[in-house]
Each structure stands twice: as C-alpha cells, then as structure tokens.
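Breakdown of the fold
Okay, here's what each chain looks like letter by letter:
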Amino acid sequence: MTNSSSNWHIEPLELGRRTAHRAWFFYLSEDSGPQEISYRAWLLRRGDDCILVDTGPPLDEAERRGLRDTVRVDAALRNAGVELEQVRDVVLSHLHWDHAASADLFGHARVHGQRSESDFFRGRAHDHPATSRFFSHHAMLGALLDSGRVDPVDGQRDLRDGVRLLHVGGHTPGSQIVTVQRDDGLAVIAADAIPLNRNFTDFVPNGILVNVIDAIAALKAVRELRPVEIYTGHDPQPSFIPAR
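What you are looking at is a predicted structure, and each value in this text was computed from that prediction instead of being measured. (Residues numbered from 1 in each chain as written. Predicted model: local features only at pLDDT ≥ 70, side-chain atom pairs only at ≥ 80, totals over all residues. Heavy atoms only, no water.)

Some words on the nonpolar core
Going by this rule: Throughout, nonpolar core names a set of buried Ala, Val, Leu, Ile, Met, Phe, Trp, Tyr and Cys residues whose side chains join them through atoms within 4.5 Å. The rule is simple: take the accessible area with a 1.4 Å probe, protein chains only, and divide by the maximum for that residue type; under 20% is buried, over 50% is exposed, in between is partly exposed. Each helix corresponds to a stretch of at least 4 residues labelled H or I by DSSP, and each strand to a stretch of at least 2 residues labelled E; elements are numbered beginning at the N terminus. Throughout, a contact is declared for two residues whenever any of their heavy atoms are within 4.5 Å.
By size, the foremost hydrophobic cluster in this structure holds 30 residues, and its most contacted members are Leu52, Leu77, Val87, Val90, Leu95, Phe106 and Leu141. The set of elements that each furnish at least two residues to this core consists of β1 (9-21), β2 (34-46), β3 (49-53), α2 (73-79), β4 (87-91), α4 (115-122) and α6 (138-146). Ranked by residue count, the leading element in this core is α6, at four residues. What Leu95 contacts, discounting residues up to four positions off in sequence, is Ala100, Glu117, Ser118, Phe121, Phe135, Leu141 and Leu145. Core analysis: the next-biggest nonpolar cluster, separate from the first, contains 17 residues, Ile51, Val53, Leu159 and Val180 among them.

A short note on the pairing of strand β8 (residues 163-167)
Formally: A pair of strands is labelled paired if DSSP reports no fewer than 2 bridges between them.
As judged from the four bridges shared by strand β7 (residues 156-160) and β8, these two strands associate in the antiparallel manner. Bridging from a neighbouring strand, Gln156 pairs with Leu166 of β8. Connecting β7 to the antiparallel partner β8 that follows it, the hairpin turn spans two residues, and Gly162 within it adopts a positive phi of roughly 95°. Note: β8 against strand β9 (residues 176-182), five bridges, orientation antiparallel.

Keep in mind these values describe shape, not function.
Structure, rendered in structure tokens:
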C-alpha cells in the first residue's frame, strides 16, 4: 500500500448521545430549546498507521452526565477493526471531559495537545464552576501532563505527511483542530471549535467558550482552509460538505 498523504481515511466513532440545550452551542443567538447532540472520537487510518483524535469519556462519567447509548472508545475502535495497541498517537482537541477523560486507556501512545491547553488546565481552568464544570478526572489528566508522554504543541505541528494540528483557541485557550489531506482536498476535524454544522454555515461561534473573539477567528480560519468536508464536535450528522 502506498504511503501517499492523500490516502488517510477518517472514521467518526460515535460514543453516545444526549438531548442538550440549543442555546449552549450558539453564542447569544438561540433560545434554550432541545438540541440532540452526539459525542465522538475520530479515527485516522492509512494502512496500519492509526491516529485517534480525542478519546471520549469513561462510561460512568458519560452516564452521570446524562448520555445514552454510550460506547467506550476501545469498544468503538474494536467495532472499527482496530485494537487499542494499534493507535500510535492520540490527539486531544482540548481537555474537556467528553474529549479527554479516557486518555488513560492509551498508556502506550504518544499524546499531542497544545501547550496553552495544558497551561490552562494546570492554572485557571478550575477556579470557577463556569469553566471547571467541563473537566473531570483531574488527577489522571494532571499525571498524564506530568508524565512526559504529552507532546506540547505550540500553534502548528505536522503529525504525519497530510495530517496537521492547528491551534485555534476560543472554546478553550488551547483548542486545536486537525486538517487531513485527502485525494479530494482538505478535510477538517473541527471538534468543539465548530460544535454543530450550523455554527459553520450560519457563522455563529460556540456558546461554550473562554474567548469569543478567538472563537470567531476559529470559524474564519476553517472557512479560509476551504475544506471539502468538516467533522464537527457534536452534530448528530457525523460530517458535512460545506457549500462552495
């Protein structure tokens, strides 16, 4: 099999669902009606090379927060034909409970996160419920950050040929997206920089954020990439193709 950068395949792994409040996801622009959301990780595969973007939460944390139809990430990987040990690298888009709290399952893998996200987690993230409510498993994540297994990314990093990590901030100080070069163009795993498809199409930032200016800049940055497909953080539809 060729190692051309265009051969990366993106597979969304659904880990659970929940009915949330629509206003959480559209900054100061929606009422609090119901919004169905999904929780996911994303598997990148090229031959035997496997990268996982985000780990999802442990089942007990997911159920405590009201998720249904929950699947642990190792089971979701196995359903996709991949064992935990095949995942060489784990990219954490940010350190919120629903994206990073199962990171301890991947003790064999190299973890990649933005340095500014680690600094936020170690510093002011837990000072007030407005931000602390979005984190869990603090001891595990703190030990991971201190373990030497986390690659601290400062802005931009090419993880493989065709796979790039890009800092955007906004949702959290160290939120990052992943761009994947494919045969048909550039795909973007936006995670919570763009939580729902309509955030992109209507140009509305996430309602859960630490910096609205950075959250708007993140939307602009993804638009400027002119992606052929976007994988948003929580839309029930696993991906969408933006209008050209």
